[in-house]
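Structural features, examined
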Amino acid sequence: MLTIGINSRPKLSVQAFQQLRDFIYSVCGIYIPDSKMYLIETRLQRRLEESGIKTFEDYYYYLMYDKNREKVISSLINSIVTNETSFFRDPGQLDAFIKGVVPAAMNEKEKNGSPKTLRLWSAASSTGEEPYTLAMMLVESGLLYKGWRIEVLASDICDTVLKSAEAATYEKYSLRNTPEAYLRKYFTNSSERYRVNSSVKEMVTFRKINLVDTEAIKTIRGIDVIFCRNVLIYFDDNSKKKVVGHLYDSLNKGGYLFIGFSETLFNITRVFRPASFERTVVYQKA
């Protein structure tokens, strides 16, 4: 039954909301509570308009059975995930990374006679600001001159943000926290848009990865440091445990995990031990 709302826009029924919520959860582990029903309705109305679909019930059928469903599902995920980010976000964690975690990881590799390669994973890279920030900080620290190789894997579940990240061109607002010295050294400025220089861009590899997809995560191993910040807030406890387990498996022994300031692994897992660097808590694989 078609329910018409304000300005003849389709109205999301409780039943359709529940169907869509369960579908989203099955695809990517993101749990949407009842309190977010209006938000989902607002965000998905545009998808219906773009696809020429009249009702949310038809949209659900489209997601389930259309021959182009993979593309439609990707657009759905793009709509429900918030991609708010910037360069040099949460400087306290970045200080802990560059002053504490990186030296500790380097020392451990040198002690064990491991190859001088530092491998990072930005596990929810959005439009690329985080992985490029990490790459620039490592270059600035002088690792390349010390004979180290830097590899940064950046992944996201959304096609549109990955496409934007690979373009590596940003408005000034995304760079609002970026030190002036970094702007001059690692960006090319043209008409109020800033492009990441190729020397940094080439260090970062982007992939579309669903963090609840066990088979996809199996391809990611030997990581020294993972950033998965402000991601766990989207998951219920079951999905959190699954994602954190995947991250654990991807890390080298003694590797480090950064999560968001508002997030915790309490009651999720005990396989990580908390470590403190620069008055910031980081989780280390035992």
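Residues numbered from 1 in each chain as written. Predicted model: local features only at pLDDT ≥ 70, side-chain atom pairs only at ≥ 80, totals over all residues. Heavy atoms only, no water.

A sheet is described by the order of its strands in space; here seven strands give the open sequence β6-β2-β1-β7-β8-β10-β9, paired in mixed fashion. Each having just a single partner strand, β6 (204-208) and β9 (272-277) make up the two edges of the open sheet. Neighbouring strand axes in the sheet, compared pairwise and without regard to direction, differ in orientation by 25° on average. Contacts from helix α7 (residues 159-167) reach β2 (149-156) and β6 within the one sheet, and its direction differs from that of β6 by about 165°. Helix-sheet contacts for helix α11 (residues 237-250) involve β1 (117-122), β7 (223-227), β8 (251-258), β9 and β10 (280-285), and the interaxial angle to β8 is about 135°. (Pairing = 2+ DSSP bridges. Helix = DSSP H or I, 4+ residues; strand = E, 2+ residues; numbered from the N terminus. Axes fitted to C-alpha atoms, helices over the stretch in contact; angles between N-to-C directions. Contact = heavy atoms within 4.5 Å.)

Another point: the side chain of D156. Mapped onto the secondary structure, D156 falls in strand β2. No salt bridge is formed by the buried D156, whose closest oppositely charged neighbour, K208, lies at an N-O distance of 8.9 Å. A distance of 3.0 Å separates the side chain of D156 from the backbone nitrogen of C158, its partner in a polar contact. Setting aside its immediate chain neighbours within four residues, D156 contacts A124, S125, S126, V161, L162, R207, K208 and I209. (Buried < 20%, exposed > 50% of the residue type's maximum accessible area, 1.4 Å probe, protein only. Lys, Arg positive; Asp, Glu negative; His and termini not counted. Salt bridge = Lys/Arg side-chain N within 4 Å of Asp/Glu carboxyl O. Polar contact = N/O pair within 3.5 Å; in protein donor to acceptor, adjacent residues only side chain to side chain.)

This part covers unusual backbone geometry. If you check the backbone angles, S191 has positive phi at about 55° while not being a glycine. As for its placement among the helices and strands, S191 is situated in the loop between β4 (187-190) and β5 (193-196). Judged by its relative accessible area of 69%, S191 falls in the exposed class. The phi dihedral of E192 is positive, around 65°, even though this residue is not glycine. Note on placement: E192 falls in the loop between β4 and β5.

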